[in-house]
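These are the residues of each chain, in order.
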Amino acid sequence: MELSKYIGKRIKEFRKAHNLTTEELAEKIGTTRATVTRYENGVRKANQDVLFQLADIFNVSVDDFFPPRDSMPSNIIYPLSSGLQQVSIPLVGTIACGDPITAEENLDGYIEETFEKPVPSGTLFALRCKGHSMEPTIPDKAIVVIHEQPEVEDGEIAAVQVDHDTEATLKRIKHQGNMILLLPDNKNYDPIVLNEDNPGRIIGKAIKYSAPL
């Protein structure tokens, strides 16, 4: 089943469980009955803001609108106009040691990003940038899409998990002998050195970001 149709089916199930008509639900979210019907039929895709509204009304999690993780790949792709595709990408909040990056317990939900065809192969996930160390390249609170891979080239920006830290840091990579230097773009911040005394691992390469206005 297509993702939009699955989400629509779940919206309809929750609406009926709360004994709401389409008109009543439309009024609660500030739209029309026809739009709610399109959501439920999967003809129109409910965006993230709508899903958050519905989650509050139904007293459920946004994740409850999506298929179970064991039946859903990390990235679901659906077409837009010619030349563009939209991808559902897991937003990673923490990284439990030893778990796959996109394990359910690591996630804060899902985002949707638009790519020119073809979408990069392999697993994509997203991180929320925290802090100013990568400014002006990546601003604070930006959502950064990461291509999961264990190695990147010098000069590329990577998501790195430093040992014992459950959140990934975004830094520019430089290999130096047996060490890896994690370099901030903001010169007011100090580099981080990965070595035997301070181990870590590269978990992916930053490929794009979106930032709030």
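*Asks:* Can you help me understand helix α2 (residues 22-29) in this one?
*Replies:* In an α-helix there are 3.6 residues to a turn, and that puts residues three or four apart on one side. What α2 keeps buried is the set Thr22, Leu25, Ala26 and Ile29. Down the axis of α2, the sector holding all buried residues measures 100°, keeping them to one side. Across from the buried face of α2, at angles greater than 90 degrees, the exposed residues are Glu27 and Lys28. In the stretch just after α2, glycine 30 is the one whose phi turns positive, near 70°.

*Asks:* Just to check I follow, could you spell out the packing of aromatic side chains for this structure?
*Replies:* Aromatic ring pairs: the centre-centre distance and the angle between the two ring planes describe each pair. A complete count under the given rule lists two aromatic pairs for this structure. On the numbers, 5.6 Å between centres and 35° between planes, the contact of phenylalanine 14 with phenylalanine 58 is tilted. Note that phenylalanine 14 is positioned in helix α1 (residues 3-17) and phenylalanine 58 in helix α4 (residues 48-58), a separation of 44 residues in sequence. Judged by relative accessible area, phenylalanine 14 falls into the buried class, the value being 12%. With 5.4 Å between their ring centres and 85° between their planes, phenylalanine 14 and phenylalanine 65 make a pair best called edge-to-face. Of this pair, phenylalanine 14 sits in helix α1 while phenylalanine 65 sits in the loop between α4 and β1 (76-79), placing them 51 residues apart in sequence. The residues phenylalanine 14 and phenylalanine 65 share a single accessibility class, namely buried. Directly above the ring of phenylalanine 115 sits lysine 208, whose terminal nitrogen or CZ lies 4.7 Å from the centroid.

*Asks:* For this particular structure, what's the right way to read the pairing of strand β6 (residues 157-162)?
*Replies:* Along a regular strand, successive side chains alternate from one face of the sheet to the other. Here β6 lies mainly inside the structure; six of its six residues are buried. Burial along β6 is two-sided: Ile157, Ala159 and Gln161 and Ala158, Val160 and Val162, pointing in opposite directions, are all buried. Here β6 runs beside strand β7 (residues 169-176); their pairing, made up of four bridges, is antiparallel. Paired with alanine 158 across the bridge in β7 is lysine 171.

*Asks:* Got a minute to help me understand the nonpolar core in this structure?
*Replies:* Across soluble globular proteins, you tend to see nonpolar side chains buried next to one another. Core analysis: the largest hydrophobic core is formed by 35 residues, its most contacted members being Ile11, Leu25, Leu51, Leu54, Phe65, Ile146 and Leu170. When residues of this core are assigned to their parent elements, the largest contribution, five residues, is made by α4. Excluding residues within four positions of it along the chain, isoleucine 146 makes contact with Thr123, Leu124, Phe125, Leu127, Ala159, Leu170, Gly204, Lys205 and Ala206.

The rules behind each value
- Residues numbered from 1 in each chain as written.
- Predicted model: local features only at pLDDT ≥ 70, side-chain atom pairs only at ≥ 80, totals over all residues.
- Heavy atoms only, no water.
- Buried < 20%, exposed > 50% of the residue type's maximum accessible area, 1.4 Å probe, protein only.
- Helix = DSSP H or I, 4+ residues; strand = E, 2+ residues; numbered from the N terminus.
- Arc of directions from axis to C-beta.
- Phe/Tyr/Trp six-rings, centres within 6.5 Å; stacked < 30°, edge-to-face > 60°.
- Lys NZ or Arg CZ within 6 Å of the ring centre and 35° of its normal.
- Pairing = 2+ DSSP bridges.
- Core = buried A, V, L, I, M, F, W, Y, C linked by side-chain atoms within 4.5 Å.
- Contact = heavy atoms within 4.5 Å.

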